[in-house]
Amino acid sequence: MPSSSSKKGSSVEDVIEKKLRKKKEQEKAYQDKLEAKMRQKQKASFTNKDDDDEEEKLEEGMMDSDDYRYEKSSGGGGGSSKKRKSKKSSNTSSSSKSLTTNSSNNNNGQPLYTQGGGDVRNRPPPSLSDIEKARQAAIDPLRAAEAEREKAKKRVNPKFADLHETGQWGGLSKCEKYGICLLTLGAIGVAIWLGIRFGGGGSSNTATSQQTQPQTKPPTLSPSMTPTFEPTVAGYRLSAGLSMMKKISPTISLPNTPEALKGAKTKVNSTPQMLAAEFILYDDAQKISVRDPAFLERYALAVFYYANGGCSGDWITRTNWMDRTNATNHCGMADGTGKWHGVFCNLQGRVTEIKMSGNYVTWKLPKEFVAFTELSTLEVSDNLMVGELPLEAISMPKLFTLLLNNNNFEGVFPFDEVKQGAPSLDTLWIQENSKLSGTVPMSFCSLGSITLDCDNFQPQPVYVSQDSSETTFVKDCQAEPEGISPREYTCNSEFGVPIAKPSGAPTPAPRICGLPAAGT
């Protein structure tokens, strides 16, 4: 049994060895065949090169044309090579003669060879090493490319070779690793300290701020050398509030300093603006900030109360207005309690509507109504108001409805200015004001409703015909390029009936409600 297995194993090894030997012989034959082909190609290239060189020499005049013609006519094969060799030997002898005499020329007088052996036919044949290099390059181009890549490969610091290849530290010693860790921890510690030191945190910073807080000095007769730019909260509210009030009120109706307002309610010659300003700055429990738009709105309502009959008791209804003991917000609470009569606000606490029609309101429309930038409705019809209409009080940017009918307003109604300041105006009632006049421009064609006095305003709403309900103004509006006309354009020929106070109304106690400033 062992002998048979050993024979079997040896036979298998012999077969493998024969196959390997046969494969090597095939590879060697293939290499020899390839080398033979390369030698044949090189010989052919040398032959072609000699022919090209001879043609170049012929062109340069370095070779006789008859010899070249004879050599070309002799054809290929061995005869051509012999003639080429004889030609070469004759050329060599002639070149030696030219070197000794330095004056050998061809029939054209041109030198056959250049000095220094510049003839390309004198170039030596390639060596075996060059042939071997060319053969290796042709046999294995991948090996040459791999060698080029290895040569161009970027060198890596040996200390970081393992890190570059495997991702782990290899070339660094233990001390170097510990040093890097310590440097990292030190940098983190310095960053934390800088953050605490200059970031405003920590108890030490608080103590420093407490120590550097300036001490309050007692007042002196002379001003301090280093005044502060930020006043106290109370002083800022008084000065800034008075400055804002003076911007929307007549200049002569308010003093120059907040201190001059104190005690205005006890002075007979106080103006309504002074009484209102004293209430807002000193007496009002709401203490609205001057940065709040409601600050000036509350001031305008206070002026309206003092100047137009609210303080004197002429108003029929004045619920919650200017109650000093229980000063409520003029917009009221969320449940509606505390709201001033006739005042309506939006969710942001801004006044959007003032409805005081038929409430026995007297005197002029206050200029301070310019503070109501969110106002959409102003209704003061059926009252006893007088004087010219101030443009500031009837041209708010969001005004939509303006009802001024049945009063004693006078002067020319500023149609163009009102339309420019209140572009959203839709309803305008100005009838039953016998001393009010004006001309309605075509820009008012876009309004929804216009009502005025027949005798005082132009154009009068004359009907196109007896059977038509269309007026001439409406027809003219339709003829405009926009083609828009008001849905209602009417006039009133009746006189307004003055409103009367209800009989049995209580007479209010005498109080100082202010006297209007001269010229206002």
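Residues numbered from 1 in each chain as written. Predicted model: local features only at pLDDT ≥ 70, side-chain atom pairs only at ≥ 80, totals over all residues. Heavy atoms only, no water.

K.L.:
Talk me through the overall build of the chain; I want residue IDs and the actual numbers.
P.N.:
Along the backbone of the chain there are 14 helices and 12 strands. When burial is assessed residue by residue, the chain has 32% of its 520 residues classed as buried. For the chain, the proportion of contacts with a sequence separation of at least 24, taken over those separated by at least 6, is 53%. Just so you have it, the chain exposes about 33300 Å², and 56% of that area is on carbon and sulfur atoms. (Helix = DSSP H or I, 4+ residues; strand = E, 2+ residues; numbered from the N terminus. Buried < 20%, exposed > 50% of the residue type's maximum accessible area, 1.4 Å probe, protein only. Contact = heavy atoms within 4.5 Å. Areas by Shrake-Rupley, 256 points an atom, 1.4 Å probe, with all protein chains shown as cover.)

K.L.:
Any details on helix α10 (residues 272-283)? Residues and values, ideally.
P.N.:
With 10 of 12 residues buried, α10 lies mostly within the body of the structure. All of the buried residues along α10 are P272, Q273, M274, L275, A276, A277, E278, F279, I280 and L281.

K.L.:
Go over the state of the cysteines with me, naming the residues and quoting the values.
P.N.:
With the rule as written, the count across this model stands at 4 disulfides. A sulfur-sulfur separation of 2.0 Å characterises the disulfide bridge that pairs C311 with C513. Taking the sign of the S-S torsion, -80° for the link of C311 and C513, the bridge is left-handed. Taken together, the residues span a long stretch of sequence, with C311 in the loop between α11 (294-307) and β1 (343-345) and C513 in the segment after β12 (488-492) at a distance of 202 residues. (Disulfide = S-S within 2.5 Å.)

K.L.:
Would you mind going over the sheet that holds strand β6 (residues 401-403) in detail, with residue names and values included?
P.N.:
Strands sit in the order β1-β2-β4-β6-β8-β10-β12 across an open sheet of 7 strands; the sheet is mixed. The open sheet terminates on both sides in strands that have one partner only, identified here as β1 and β12. Averaged over all neighbouring strand pairs, the angle between strand axes comes to 15°, with direction disregarded. (Pairing = 2+ DSSP bridges. Axes fitted to C-alpha atoms, helices over the stretch in contact; angles between N-to-C directions.)

K.L.:
How would you explain the packing of aromatic side chains if you had to name every residue and give the values?
P.N.:
Under the definition given, this model contains 13 aromatic pairs. Judged by centre distance (5.1 Å) and plane angle (70°), the ring pair of F369 and F372 falls under edge-to-face. Just as F369 is buried, F372 falls in that class too. Among the aromatic residues, those joined into a cluster by ring pairs are F304, Y305, Y306, W315, W321, W340, F369 and F372. The ring of F198 has R197 lying over it, and the distance from NZ or CZ to the ring centre is 5.2 Å. Positioned over the ring face of F344 is K339, at 4.4 Å from the centre of the ring. (Phe/Tyr/Trp six-rings, centres within 6.5 Å; stacked < 30°, edge-to-face > 60°. Lys NZ or Arg CZ within 6 Å of the ring centre and 35° of its normal.)

K.L.:
Which residues make up the side chain of K419, and what values do they have?
P.N.:
Examined against the element boundaries, K419 turns out to sit in helix α13 (residues 415-421). For the buried K419, which has no salt bridge, the nearest side chain bearing the opposite charge is D426, at an N-O separation of 8.0 Å. Engagement of the side chain of K419 in a polar contact is seen with the side chain of S446, the distance being 3.3 Å. Setting aside residues up to four positions removed in sequence, K419 forms contacts with L425, S443, F444, S446 and L447. (Lys, Arg positive; Asp, Glu negative; His and termini not counted. Salt bridge = Lys/Arg side-chain N within 4 Å of Asp/Glu carboxyl O. Polar contact = N/O pair within 3.5 Å; in protein donor to acceptor, adjacent residues only side chain to side chain.)

K.L.:
Provide a residue-level description of the pairing of strand β10 (residues 449-453), including the pertinent values.
P.N.:
Consecutive residues of a regular strand have side chains that alternate between opposite faces of the sheet. Of all the 5 residues making up β10, 5 are buried; the element is thus mostly covered by neighbouring parts of the structure. As judged from the 3 bridges shared by strand β8 (residues 427-429) and β10, these two strands associate in the parallel manner. Looking at the pairing, L428 lines up with I450 of β10.

K.L.:
Please set out the confidence of the model for the chain residue by residue, giving values where relevant.
P.N.:
Per-residue pLDDT for the chain averages 78, and the proportion of residues at 70 or more is 69%. Within the chain, the element-level pLDDT minimum falls on helix α3 (residues 78-101), averaging 43, and the maximum on strand β4 (residues 377-379), averaging 98. Low confidence marks residues 62-117, where pLDDT is under 50. Its contacts with residues over four positions away, or in another chain, come to 57 contacts. This stretch, residues 202-212, has a pLDDT under 50; its non-local contacts, to residues over four places away or in other chains, come to 1 contact. (pLDDT = per-residue confidence, 0-100.)

K.L.:
Please give an account of α11 that cites residues and values.
P.N.:
Look at α11: 20 Å from first C-alpha to last across 14 residues, which is about the 20 Å you get at 1.5 Å a residue. Across the 14 residues that make up α11, a large majority, 14, are buried. Immediately downstream of α11, the backbone of G309 shows phi near 100°, a positive value. (Expected span 1.5 Å × (residues − 1).)

K.L.:
Outline the sheet that holds strand β3 (residues 362-363), listing residues and values.
P.N.:
Judged by pairing direction, the sheet is parallel, and its 5 strands sit side by side in the order β3-β5-β7-β9-β11 without closing on themselves. The open sheet terminates on both sides in strands that have one partner only, identified here as β3 and β11 (457-458). Where strand β9 (residues 435-439) and β11 come together, 2 bridges link them in parallel fashion. Directly across from T439, in β11, lies its bridge partner Q458.

K.L.:
Hey, could you go over a nonpolar patch on the surface for me, with residue numbers and the actual values?
P.N.:
Taken together, the side chains of L182, L185, I188, I192 and I196 present a nonpolar region at the surface, about 530 Å² in accessible area. Turning to its location among the elements, I196 is positioned in helix α7 (residues 174-198). (Patch = residues over 30% accessible without salt bridge, like charges linked within 9 Å, V, L, I, M, F, W, Y side chains within 5 Å.)

K.L.:
Which residues make up the environment of C445, and what values do they have?
P.N.:
Mapped onto the fold, C445 is located in the loop between β9 and β10. Judged by its relative accessible area of 4%, C445 is buried. Setting aside residues up to four positions removed in sequence, C445 forms contacts with F473, C477, I484, S485 and P486.

K.L.:
Can you tell me about unusual backbone geometry, naming the residues and giving the values?
P.N.:
The omega torsion across Q458 and P459 is -10°, close enough to zero to call that bond cis. When you line up the elements, P459 lands in the loop between β11 and α14 (472-479). Notably, Y360 is not glycine yet its phi reads approximately 60°, a positive angle. Checked against the element boundaries, Y360 lands in the loop between β2 (351-355) and β3. A positive phi is found at D382, a non-glycine position, where the angle reads about 60°. For D382, the location among the structural elements is in the loop between β4 and β5 (384-388).

K.L.:
Please give an account of the pattern of salt bridges that cites residues and values.
P.N.:
Evaluation of the coordinates by the stated rule reveals 9 salt bridges. The residue D283 makes a salt bridge to K265 at a minimum N-O spacing of 3.3 Å. Taken as a pair, D283 in helix α10 and K265 in the loop between α9 (233-248) and α10 lie far apart in primary sequence, 18 residues in all. Residue classification places K265 among the partly exposed residues on the basis of a relative accessible area of 36%. Of the charged contacts, one joins E297 and R350 as a salt bridge, the two residues approaching to 3.0 Å between their closest N and O atoms. Placement of the pair is E297 in helix α11 and R350 in the loop between β1 and β2, with a sequence separation of 53 residues.

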